[in-house]
Amino acid sequence: MISIDRADLAFQLHDVLGLARLSAIPRFADYDREAMDGVLETAERIAMEHFLPHAARLDEHEPTFVDGKVEMDGAVADALAVYRDAGFFGGAFDVEWGGTQMPETLRVAAAFVFSMANISTSAYPFLTVGAARLIESFGTDAQKERYLRPMVAGRFFGTMCLSEPQAGSSLADITTRAEPQEDGSYLMVGRKMWISGGDQEISDNIVHLVLARIPDGPAGVKGISLFIVPKRIVGEDGTPGERNGVSLAGLNHKMGYRGTTNTLLNFGEDGPCRGELLGEAHHGLSYMFQMMNEARIGVGMGATALAAAGYRASLAYARERPQGRPAGAKDPATPQVPIIQHADIRRLLLAQKAAVEGALALCLYCADLVDRAHGDREAAIAKEEALLLDLLTPIAKSWPSEFCLEANKHAIQILGGYGYTRDYPVERLYRDNRLNPIHEGTHGIQGLDLLGRKVGMGGGASVKALAGRIMADVSAAHQIASLEAFAEMLATELAETVATTRRLAVATANEPRLALANATIYLDMFGHVVIAWMWLRQATVAARKLAEGSGDENFLNGKLSACRYFFTYELPKARTQRALLESLDDTTLAMKQEWF
């Protein structure tokens with residue numbers, strides 16, 4: 001029942017973003033439209049033939065912990081071997097290290113396809129690419145040869161080891177130690193928790209990137225350093241040798257992503273554990289934020305993919321499932337109609353479409369900002385786009401994680417009783433997606449990041465840059481009569497959001513606990529305005545193509561209807577949220593813990 005909507009991907013990538021322009025940039029010279037379409041065709045074929053078939057089985061038979069090792073379905077290794085041989089591990093990296101210098105927007109679109117098919121198996125390359133990019137950015141030439149090259153080739157996998165059992169998201173409280181040795185290496189001692197991909201027998205090696213403290217370093221987050229800790233020590237010839245002192249203490253059993261090993265790891269408990277400092281000492285958290293920010297956008301795209309899979313499955317079901325008759329049809333002898341003919345089912349489908357295609361547009365837009373940095377452009381524009389990416393990152397992570405989860409709920413509702421059985425994939429997709437509001441920083445943490453840090457960057461320069469981009473698209477939409485009301489509505493919502501942001505900035509300086517008490521509400525409100533912008537961009541292109549007589553009329557009218565739905569049903573919620581924010585309501589602060 002799960003299928004890939006290649007028409008929507010093509011519309012978003014080429015009609016809205018104009019991705020073919022990237023082939024004019026030397027780094028992406030090999031990627032004209034034909035090449036890009038070929039990458040997505042290959043991704044779809046591999047996803048449907050090698051990832052999708054074992055997705056349900058992997059969920060039912062999760063990895064197990066046997067004699068200190070992980071045992072899992074062999075189809076995972078087989079699928080990732082096909083993925084590796086097709087070059088997808090190395091897509092984002094320089095030719096120098098064995099990569100193909102694929103545009104980030106195209107790489108993210110391909111990841112979307114694989115995640116739709118099987119999010120658990122897709123998690124291994126997702127983590128590996130993020131870890132490899134850190135080594136590419138901050139590693140020595142020797143470290144790049146030893147670790148980056150085999151990761152780009154898909155022979156070594158990677159992880160990020162941040163959390164600890166006693167610390168969770170509070171990284172200032174981590175206790176893992178790195179003891180300096182005379183040869184320049186470090187002995188690692190400590191425990192890490194919730195490590196996705198932390199152990200498996202699929203790859204030749206696992207490269208753990210571990211946050212730890214060097215003795216006598218500064219307290220708090222300023223004293224955190226980043227280390228490369230391989231599962232197996234890599235010899236001078238690049239071959240993995242003896243086992244390092246990283247031991248698997250156990251597996252966490254989750255409600256979703258059940259096919260991805262999630263581990264508790266002990267460092268230095270059953271033997272010496274060797275690590276290498278990555279970059280400079282005490283800069284570990286700033287380095288890791290590069291991977292975390294990339295991962296946050298990746299989590300948002302994963303949430304979007306899971307919702308897209310649910311949407312496509314429930315749409316197919318609604319078209320085929322006969323039940324009931326139209327309102328006003330009294331004769332029970334008349335044939336039943338497919339449930340898609342009922343207005344409430346169409347409402348649930350529109351809600352899914354609006355969430356999925358709006359979130360996909362945002363994640364692709366963020367990836368396009370990364371690609372634009374490779375062009376020869378003015379420094380001021382590059383700085384503005386870097387600010388935009390920083391500002392949009394918590395939204396790109398959290399809006400899809402929260403509201404695409406709602407889309408998965410709607411998919412279950414459409415299937416009725418069948419929806420919560422394992423006969424259909426939608427209950428699994430919902431469970432998978434429920435993890436994403438927690439992954440890579442909870443929904444609440446993203447709200448604090450957005451309101452407490454991001455909107456104030458550069459004295460408000462990031463918000464000013466975003467407002468400029470939105471108003472440029474509002475002006476374009478104003479030229480189309482059918483979109484004029486939506487353009488005006490977005491302009492008003494934007495102006496009021498900026499005004500609320502300014503008031504909250506003043507309140508944050510004076511009463512930070514009160515101003516930030518409803519930061520999560522602010523995140524949702526801001527996200528709705530951003531997604532409305534994404535829909536206005538799509539609708540503008542769709543309306544123009546309809547006027548020109550180009551493109552599929554049903555597809556384009558579907559875009560316009562989804563835009564109308566979002567502006568009519570979803571965007572007005574931002575007004576209520578702003579009213580609450582403006583009041584500086586203290587309900588949550590006033591509630592004493594003893595009263596619960």
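Residues numbered from 1 in each chain as written. Predicted model: local features only at pLDDT ≥ 70, side-chain atom pairs only at ≥ 80, totals over all residues. Heavy atoms only, no water.

The name that an unreviewed UniProt entry assigns to the protein is Acyl-CoA dehydrogenase, with the source organism given as Aquibium carbonis. The Sequence similarities (unreviewed entry) comment attached to the protein in UniProt states, word for word, "Belongs to the acyl-CoA dehydrogenase family." The UniProt entry for the protein carries this comment under Cofactor (unreviewed entry): "FAD". (UniProt positions renumbered as here; feature names shortened; annotations may be inferred.)

Novice: Help me get a handle on the UniProt feature "domain: Acetyl-CoA dehydrogenase-like C-terminal" (unreviewed entry) in the protein, residues and values and all.
Specialist: With numbering aligned to this structure, UniProt lists the feature "domain: Acetyl-CoA dehydrogenase-like C-terminal" (unreviewed entry) at residues 470-591. Annotated as residues 470-591, this span is 84% helix and 0% strand, and its ends, taken at the C-alpha atoms, are 38 Å apart. (Helix = DSSP H or I, 4+ residues; strand = E, 2+ residues; numbered from the N terminus.)

Novice: Can you tell me about the side chain of Asn 436, naming the residues and giving the values?
Specialist: For Asn 436, the position within the fold is in the loop between α11 (426-433) and α12 (443-452). Polar side-chain contacts of Asn 436 include one of 3.1 Å to the side chain of His 439. The contact partners of Asn 436, leaving out residues within four places of it in the chain, are Tyr 257, Val 299, Gly 302, Ala 303, Leu 306, Lys 397 and Ser 401. (Polar contact = N/O pair within 3.5 Å; in protein donor to acceptor, adjacent residues only side chain to side chain. Contact = heavy atoms within 4.5 Å.)

Novice: Explain the packing of aromatic side chains to me, and be specific about the residues and the numbers.
Specialist: Using the criterion set out here, one finds 19 aromatic pairs in the structure. Arranged with centres 5.4 Å apart and planes meeting at 35°, the rings of Tyr 83 and Phe 88 form a pair that is tilted. Residues Tyr 83 and Phe 114 carry aromatic rings whose centres are separated by 4.9 Å and whose planes lie at 65° to one another, so their mutual orientation is edge-to-face. In this pair, Tyr 83 sits in helix α4 (residues 74-85) while Phe 114 sits in helix α5 (residues 104-117), placing the two residues 31 residues apart along the sequence. (Phe/Tyr/Trp six-rings, centres within 6.5 Å; stacked < 30°, edge-to-face > 60°.)

Novice: Go over the pairing of strand β3 (residues 156-161), please, and point to the residues and values.
Specialist: Within β3, six of the six residues are buried, which leaves the element mostly enclosed by the surrounding structure. Here β3 shows a buried face lined by Phe 156, Gly 158 and Met 160 and a second buried face lined by Phe 157, Thr 159 and Cys 161. Across six bridges, β3 lies against strand β6 (residues 205-213) in parallel orientation. Residue Thr 159 lies in a different strand from β6, and its bridge partner there is His 208. (Buried < 20%, exposed > 50% of the residue type's maximum accessible area, 1.4 Å probe, protein only. Pairing = 2+ DSSP bridges.)

Novice: Can you tell me about the packing of helix α14 (residues 484-510) against helix α17 (residues 553-570), naming the residues and giving the values?
Specialist: Contact geometry of α14 with α17 gives a least axis separation of 11 Å together with a crossing angle of 40°. It follows from the interaxial angle that α14 and α17 lie oblique. The handedness of the crossing between α14 and α17 is left-handed. Two secondary-structure elements touch here, α14 through Phe 486, Met 489 and Leu 490 and α17 through Cys 563, Arg 564 and Phe 567. Looking at the contact of α14 with α17 residue by residue, the class counts come to five nonpolar, no polar and one charged. (Axes fitted to C-alpha atoms, helices over the stretch in contact; angles between N-to-C directions. Parallel < 35°, antiparallel > 145°, perpendicular 65-115°, else oblique. Left-handed = near helix turned anticlockwise from the far one by under 90°. Nonpolar A, V, L, I, M, F, W, Y, C, P; charged D, E, K, R; others polar.)

Novice: Quick one: what's the story with the pattern of salt bridges, residue by residue and with numbers?
Specialist: Inspection of every chain in the model, using the stated rule, returns 40 salt bridges. Put simply, Lys 545 and Asp 15 hold a salt bridge, and the shortest N to O gap is 3.8 Å. Within this pair, whereas Lys 545 is found in helix α16 (residues 519-548), its partner Asp 15 is found in helix α1 (residues 6-16), the two being separated by 530 residues in sequence. The shortest N-O distance in the salt bridge between Arg 27 and Asp 94 comes to 2.5 Å. Linking Arg 27 in the loop between α1 and α2 (33-51) with Asp 94 in the loop between α4 and α5, this pair joins segments that are 67 residues apart in sequence. Accessibility expressed as a relative area gives 22% for Arg 27, which makes it partly exposed. Each of Asp 59, Glu 62, Arg 258, Glu 427 and Arg 431 takes part in a single network of salt bridges with overlapping partners. (Salt bridge = Lys/Arg side-chain N within 4 Å of Asp/Glu carboxyl O.)

Novice: So what's going on with unusual backbone geometry? Residues and values would help.
Specialist: Phi is positive for Trp 194, which is not a glycine, with a value near 65°. In this structure, Trp 194 sits in strand β5 (residues 186-196). Even without being glycine, Tyr 257 reaches a positive phi, approximately 50°. Structurally, Tyr 257 is set in the loop between β10 (246-251) and β11 (262-267).

Novice: Which residues make up a nonpolar patch on the surface, and what values do they have?
Specialist: A grouping of Met 591, Trp 595 and Phe 596 is seen on the molecular surface, where their side chains present a nonpolar patch of about 410 Å² in accessible area. By the secondary structure assignment, Phe 596 is in the segment after α19 (587-590). The exposed category is assigned to Phe 596, whose relative accessible area is 78%. (Patch = residues over 30% accessible without salt bridge, like charges linked within 9 Å, V, L, I, M, F, W, Y side chains within 5 Å. Areas by Shrake-Rupley, 256 points an atom, 1.4 Å probe, with all protein chains shown as cover.)

Novice: Tell me about the packing of α2 against α5, and please be specific about residues and values.
Specialist: Close contact between α2 and α5 brings their axes to 9 Å; oriented N to C, the two are set at 20°. One way to sum up the angle between α2 and α5 is to call them roughly parallel. α5 is crossed by α2, and the crossing has right-handed handedness. Within the contact between the two elements, α2 uses Met 36, Val 39, Leu 40, Ala 43, Glu 44, Ile 46, Ala 47, Met 48 and Phe 51 and α5 uses Leu 106, Ala 109, Ala 110, Val 113, Phe 114 and Ala 117. Each residue belonging to the contact of α2 with α5 can be placed in one class, and the counts come to 14 nonpolar, no polar and one charged.

Novice: Got a sec to walk through the environment of Arg 133? Specific residues and values, please.
Specialist: Within the secondary structure, Arg 133 sits in helix α6 (residues 119-138). Owing to a relative accessible area of 12%, Arg 133 belongs among the buried residues under this scheme. Remark: the alpha-carbon pair of Arg 133 and Met 151, spanning 18 residues in sequence, is separated by 9.7 Å. Excluding anything up to four places from it in sequence, Arg 133 contacts Ala 92, Phe 93, Glu 104, Arg 107, Gln 290 and Glu 294.

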